[in-house]
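Letter by letter, the chains look like this.
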Amino acid sequence: MGPWASATEAYGLLTVDVPAEHWIEALTAARDGLGLSYFDWLSAVDELTEGFSVSVHLADVATPGAVRHLLVRTRVPREKAALPTAVGVYAGAAWHERETHEMFGIDFADHPHLVTLLLPDGFEGHPLRKDFVLAARVAKAWPGAKEPGESDHGDGPARRKMQPPGVPDPNEWGPLKGTLPPVAERPARAARTPRAAGAAPRAAGAGPRAAAAGAEGAPVRADRPRRTRSISEGSVSQTAPEAPAAQPEAPAAPAAPAEERPRRTARTQSSDAPWHAPVPAHDESPAEPAKPEPAKPEPAGPEAPQDPDTPQTPGQDGDGA
């Protein structure tokens, strides 16, 4: 484009920064010299004290299956921000320059129809500037609040809030100015008290409680009690196992055989997967041994002899019944 342009590449997109006085020259070189005939969009970014960054995204769609992209960017000052219009190079820039003009307040000289596009007539200010006051957030509570102490969630304790850009403090601007109590600051953490000067070294064999009380007059924080146990003793919640008392050995009496019951599988800690350790619905009792069936009495009369040559029909006994 020229010796005044500098290029950087990030996330697969090439960005060319040009001075504001070479804006139209750079766009013409991109269209005629690089073949970027497709105008995609134009917009701006509020950089606060550094002004506004105006960017144009161009593309080359002449080759089927391959699209080349380029972002051309320039910087204009915050006071009296102005750029020459790009409608003579890309006709599609007319709509985008109108939107950028009313949202950021950037003037595009020689634009054929630089009138309001989105905002209602008589609207004051430029909504996309970071110093634009969002009055609705002060006059009306945010309906989508989820934190305690916001909107209709009662007067519970709330977090320390940070106002986003454009949202003033409701106690300094708006209908509730000067009527709200100041936001409670987070109490500062007290510094730890150093050991008393000239404290005697710990005596040999002194316990942890004696060492904790070595510095006289040192205040102990109520929210952080002094540790009175050593590392070898473990946590306060851990109790040392009691040593069994010495008892004379006596012959152990044979224990009566207890009725064995089936062990139940331990229930898993997770309620989301009960199939990991299935538990029966009730305690199953051991199966009782099957009782022998009583023998059937034999018929009193003698059984008639059977002729081996006579066939016997199945399902009939000897007397033909």
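Residues numbered from 1 in each chain as written. Predicted model: local features only at pLDDT ≥ 70, side-chain atom pairs only at ≥ 80, totals over all residues. Heavy atoms only, no water.

Peer 1: Kindly report on the overall build of the protein chain, identifying the contributing residues and their values.
Peer 2: Helices and strands together make up the secondary structure of the protein chain, namely four helices and seven strands. Reading the protein chain from its N end, one meets helices and strands in the order β-β-α-β-β-β-β-α-β-α-α. A burial count over the protein chain gives 17% of its 321 residues as buried. Across the protein chain, every contact between residues at least 6 apart in sequence was considered, and the portion connecting residues at least 24 apart equals 46%. (Helix = DSSP H or I, 4+ residues; strand = E, 2+ residues; numbered from the N terminus. Buried < 20%, exposed > 50% of the residue type's maximum accessible area, 1.4 Å probe, protein only. Contact = heavy atoms within 4.5 Å.)

Peer 1: I'd love a proper account of the sheet that holds strand S4 (residues 52–60), names of residues and values included.
Peer 2: Reading across the sheet, the five strands line up as S1-S2-S5-S4-S3 and stay open at both edges, with mixed pairing between neighbours. If you trace the sheet from one side to the other, it starts and ends with strand S1 (6–10) and strand S3 (38–46), each paired once. Geometrically, the sheet is characterised by an average inter-axis angle of 25 degrees between neighbouring strands, direction not taken into account. Along the sheet face, helix H1 (residues 23–32) touches S3, S4 and strand S5 (68–76) and points at about 175 degrees away from the line of S5. (Pairing = 2+ DSSP bridges. Axes fitted to C-alpha atoms, helices over the stretch in contact; angles between N-to-C directions.)

Peer 1: Talk me through unusual backbone geometry; I want residue IDs and the actual numbers.
Peer 2: In this structure, Tyr11 is a non-glycine residue whose phi angle is positive, near 55 degrees. Mapped onto the secondary structure, Tyr11 falls in the loop between S1 and strand S2 (13–17). Given the relative accessible area of 90%, Tyr11 is considered exposed. In this structure, Leu48 takes a positive phi of about 60 degrees despite not being glycine. The residue Leu48 is located in the loop between S3 and S4 in this model.

Peer 1: Any details on helix H2 (residues 93–104)? Residues and values, ideally.
Peer 2: The first and last C-alpha atoms of H2 sit 16 Å apart over 12 residues, in line with the 16 Å expected at 1.5 Å per residue. Summarising the contacts, the buried residues of H2 are in contact with S3, S4 and strand S7 (107–109). Downstream of H2 by a residue or two, Gly105 has a phi angle that is positive, lying close to 80 degrees. (Expected span 1.5 Å × (residues − 1).)

Peer 1: For the side chain of Arg98, give the residues involved together with the corresponding values.
Peer 2: Note on placement: Arg98 falls in helix H2. The side chain of Arg98 sits in the buried core without any salt bridge; Glu102 is the nearest counter-charge, 6.9 Å away. Here the side chain of Arg98 touches Thr116 through a polar contact of 3.4 Å, landing on its backbone oxygen. If near-sequence neighbours (up to four positions away) are discounted, Arg98 is found in contact with His111, His113, Leu114, Val115, Thr116 and Leu117. (Lys, Arg positive; Asp, Glu negative; His and termini not counted. Salt bridge = Lys/Arg side-chain N within 4 Å of Asp/Glu carboxyl O. Polar contact = N/O pair within 3.5 Å; in protein donor to acceptor, adjacent residues only side chain to side chain.)

Peer 1: Describe the pairing of S2, and please don't skip the residues or the numbers.
Peer 2: Note: S1 against S2, five bridges, orientation antiparallel. Residue pairing in the sheet places Thr8 in a bridge with Thr15 of S2. As consecutive antiparallel partners, S1 and S2 are separated by two residues, and within that stretch Tyr11 has a phi angle of approximately 55 degrees, a positive value. Bridging between S2 and S5 involves three bridges; their strand directions are parallel. Counterpart to Asp17 in the pairing with S5 is Arg73.

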